[in-house]
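One-letter residues, chain by chain:
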Amino acid sequence: MLWNIAFVGYFFVVVGALVFGFVTVQAQRQDAAAQTRDFHVRSLDCLARNVYYEARGESLAGQYAVAEVTMNRLASSRYPDSVCAVVHEQRWDELRGRYVAAFSWTEFYSVPEPEGEAWALAQKVAADVYHGRAAPRAEGATFYHSDSIRPSWARTQTRVARIGRHVFYR
């Protein structure tokens, strides 16, 4: 009788430990999946904001090219390893004696919240480029500038496209 009670107790401890382990593993998997989803949602938001603030007045091809530059930077070992870090990256500029951003809108203390059709389009463009559903517009480009300026760095880069009011380089 004592043996049966010990066996039943042991059985419940083992089964309880297995159930607890299974539930814990499932919770960790769900948490990891939620973190991954949140990371991609934040990445898409950063990419869409970059398209919106940098190119919302440009043609559709120009908006895709701006998103492409952002993702090309992400793919390069010379830039940060997340979309948001690429978009918000700042580097020290010796000439200006201050940090400057690769994307000018990120230097402003505040920007209006994106809205309307332009925001919806920027989100679509960002999703297409982020998920690899868009053909390249500026193959390999990691730089661009407005055609209204002539930055000194452009002389050392290879021009790959001019789309709308932007010139793209790799």
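Residues numbered from 1 in each chain as written. Predicted model: local features only at pLDDT ≥ 70, side-chain atom pairs only at ≥ 80, totals over all residues. Heavy atoms only, no water.

Draft legend 1. Quick peek at the overall build of the protein chain. Each helix and strand in the protein chain was counted, giving four helices and five strands. The helix and strand sequence of the protein chain, counted from the amino end, reads α-α-α-β-β-α-β-β-β. Sequence separation of at least 24 residues holds for 57% of the intrachain contacts in the protein chain that already meet a minimum separation of 6. Carbon together with sulfur atoms contributes 58% to the accessible area of the protein chain, which is approximately 11,100 Å² in total. (Helix = DSSP H or I, 4+ residues; strand = E, 2+ residues; numbered from the N terminus. Contact = heavy atoms within 4.5 Å. Areas by Shrake-Rupley, 256 points an atom, 1.4 Å probe, with all protein chains shown as cover.)

Draft legend 2. Expanded view of the sheet that holds strand β4 (residues 159-163). Within the open sheet, the three strands sit side by side as β3-β5-β4. Their pairing is antiparallel. Only two strands of the sheet have a single partner each, and these edge strands are β3 (143-146) and β4. On average, adjacent strands in this sheet sit at an angle of 20° to one another, irrespective of strand direction. Pairing geometry for β4 and strand β5 (residues 166-169), over four bridges, is antiparallel. Within the sheet, the bridge partner assigned to Ala 161 lies in β5 and is Phe 168. Those strands touched by helix α2 (residues 60-75) are β3, β4 and β5, and its axis lies near 30° from that of β5. (Pairing = 2+ DSSP bridges. Axes fitted to C-alpha atoms, helices over the stretch in contact; angles between N-to-C directions.)

Draft legend 3. Spotlight on the packing of α2 against helix α4 (residues 116-130). At their nearest, the axes of α2 and α4 sit 9 Å apart, and the two run at 50° to each other. On the basis of their axis angle, the class for α2 and α4 is oblique. For the pair α2 and α4, the sense of crossing is right-handed. Listed contacts from α4 to Leu 60, Gln 63, Tyr 64, Ala 67, Glu 68 and Met 71 of α2 are Leu 121, Ala 122, Lys 124, Val 125, Asp 128, Val 129 and Tyr 130. Tallied by class, residues from the contact of α2 with α4 come to nine nonpolar, one polar and three charged. (Parallel < 35°, antiparallel > 145°, perpendicular 65-115°, else oblique. Left-handed = near helix turned anticlockwise from the far one by under 90°. Nonpolar A, V, L, I, M, F, W, Y, C, P; charged D, E, K, R; others polar.)

Draft legend 4. Main features of α2. Here α2 is 16 residues long and its end C-alpha atoms lie 23 Å apart, about the 22 Å a rise of 1.5 Å per residue gives. Within α2, the full set of buried residues consists of Gly 62, Gln 63, Tyr 64, Ala 65, Val 66, Ala 67, Glu 68, Val 69, Thr 70, Met 71 and Arg 73. (Expected span 1.5 Å × (residues − 1). Buried < 20%, exposed > 50% of the residue type's maximum accessible area, 1.4 Å probe, protein only.)

Draft legend 5. Representation of the side chain of Glu 58. Relative to the assigned elements, Glu 58 resides in the loop between α1 (2-55) and α2. Overall, Glu 58 belongs to the buried group, its relative accessible area being 9%. When sequence neighbours within four positions are dropped, the list of residues in contact with Glu 58 reads Gln 63, Ile 163, Gly 164, Arg 165 and His 166.

Draft legend 6. Quick look at the pairing of strand β2 (residues 98-101). Here strand β1 (residues 90-93) runs beside β2; their pairing, made up of four bridges, is antiparallel. In the strand pairing of β2, Trp 92 is matched with Tyr 99. Count of turn residues in the β1/β2 antiparallel hairpin: four residues, of which Gly 97 carries a positive phi of about 65°.

Draft legend 7. Focus on the state of the cysteines. Throughout the structure, instances matching the rule amount to one disulfide. For Cys 46, the disulfide goes to Cys 84, at an S-S distance of 2.0 Å. Across the S-S bond of Cys 46 and Cys 84 the torsion is about 100°, and the bridge reads as right-handed. With Cys 46 in helix α1 and Cys 84 in helix α3 (residues 83-87), this pair connects stretches of sequence that are 38 residues apart. (Disulfide = S-S within 2.5 Å.)

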